[in-house]
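What the coordinates show
The lines below spell out each chain.
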Amino acid sequence: MKFSKTILAICLLFVVFGFAQNKLTGKVVDFKNNPVAKAKIYLDSIYSNVETNKKGDFEVLVPEKVTEINVYSYEYGLLTSKYNKETTINFIFLETDNSKKIKKGSKVSLVYSKYEQKYQVINPQGINAENDKTVQIYNTIYDMIRGKLAGVSVSNDNKITIRGVSSLRYTTEPLFVVDGMIVSSIDYLSPNNVKTIRVLKGAEASIYGAQGTSGVIVITLKQ
């Protein structure tokens with residue numbers, strides 16, 4: 001019994017000292033200084049399960065290693081602030097960011113884009129580039145996909161892998177479908193011509209049979 005209590009005490013000390021946290025409070029308002037309610041608070045890319053209240057206020061515990069605080073509103077988009085162990089950080093949305101809006105109620109994920117050197121909101125369902133003004137910054141279709149699609153990795157030599165799929169084929173690359181046609185490569189595609197990109201895996205990809213066992217990337221081009 002004494003041994004068990006000792007182990008428990010050690011575990012508690014590890015929790016206390018290994019995961020020290022700082023309390024951060026703040027307020028989120030729009031460009032008219034009106035409070036923004038239900039804005040989600042992210043610690044780096046991790047959702048803290050904290051939202052702003054009706055007055056736009058929030059309070060969150062921040063672990064030691066967190067370096068940036070992100071605030072996402074379905075109406076206004078994403079704001080990011082460096083975190084240097086401040087006790088208070090306030091956020092002001094200067095305008096509605098339509099290019100980053102996702103349908104209200106959808107699951108929101110954040111990733112850090114090394115290409116753009118900032119955090120971005122990604123839609124787990126895919127990319128809708130039709131009204132995205134940032135498309136012109138991408139040199140290739142691979143730059144566009146990289147960091148934009150949840151669960152998709154693009155290597156330095158432009159090899160695409162969809163995480164969470166098991167393949168019966170020798171290659172781990174997904175199947176590419178462009179405007180309903182299966183293609184062997186997407187090298188020829190220009191980001192400016194892309195309308196949407198979707199990722200299929202599991203049951204969704206099964207419509208393509210064995211070819212879809214590594215997942216499917218479905219691309220629709222602008223007409």
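Residues numbered from 1 in each chain as written. Predicted model: local features only at pLDDT ≥ 70, side-chain atom pairs only at ≥ 80, totals over all residues. Heavy atoms only, no water.

Put simply, the protein chain has an average pLDDT of 81, and 78% of its residues get 70 or more. Counting contacts from residues 12–18, a segment whose pLDDT is below 50, to residues more than four positions away or on other chains yields two contacts. (pLDDT = per-residue confidence, 0-100. Contact = heavy atoms within 4.5 Å.)

What follows deals with the packing of aromatic side chains. Summed over all chains, the structure comprises four aromatic pairs. Ring centres 5.5 Å apart and planes at 20° place the aromatic pair Tyr76 and Phe93 in the stacked group. One end of the pair, Tyr76, is in the loop between β5 (68–73) and β6 (77–82); the other, Phe93, is in the loop between β7 (91–92) and β8 (109–113), and 17 residues separate them in sequence. No difference in accessibility class separates Tyr76 from Phe93, as the two residues are buried. (Phe/Tyr/Trp six-rings, centres within 6.5 Å; stacked < 30°, edge-to-face > 60°. Helix = DSSP H or I, 4+ residues; strand = E, 2+ residues; numbered from the N terminus. Buried < 20%, exposed > 50% of the residue type's maximum accessible area, 1.4 Å probe, protein only.)

Across the two faces of strand β4 (residues 57–63) the burial differs, with Phe58, Val60 and Val62 buried and Asp57, Glu59, Leu61 and Pro63 not buried at all. Both strand β1 (residues 21–29) and β4 contribute to a ladder of seven bridges, which runs antiparallel. Paired with Asn22 across the two strands is Val62, which belongs to β4. (Pairing = 2+ DSSP bridges.)

Turning to the nonpolar core, a few remarks are in order. Counting 24 residues, the largest nonpolar core has Ile141, Met144, Ile145, Ile160, Ile186, Ile197 and Ile219 as the members making the most contacts within it. Every element with two or more residues in this core is listed here: α2 (141–145), β11 (152–154), β12 (160–162), β13 (175–178), β15 (194–200) and β16 (216–221). Looking at which element gives the most residues to this core, the answer is α2, with four residues. The next biggest cluster of nonpolar side chains, apart from the first, holds 18 residues, and it includes Leu43, Val50, Val62 and Ile69. (Core = buried A, V, L, I, M, F, W, Y, C linked by side-chain atoms within 4.5 Å.)

Let us look at the side chain of Asp143. Within the fold, Asp143 resides in helix α2. Here the side chain of Asp143 touches Asn139 through a polar contact of 3.5 Å, landing on its backbone nitrogen. (Polar contact = N/O pair within 3.5 Å; in protein donor to acceptor, adjacent residues only side chain to side chain.)

Moving on, we come to the environment of Val216. Considering the arrangement of structural elements, one finds Val216 in strand β16. The exposure class of Val216 is buried, given its relative accessible area of 0%. Along the chain, Val216 and Lys201 lie 15 residues apart, while their C-alpha atoms are 6.3 Å from each other. Aside from chain neighbours lying at most four places away, what touches Val216 is Ile162, Pro174, Leu175, Val177, Arg198, Val199, Leu200, Ala205 and Tyr208.

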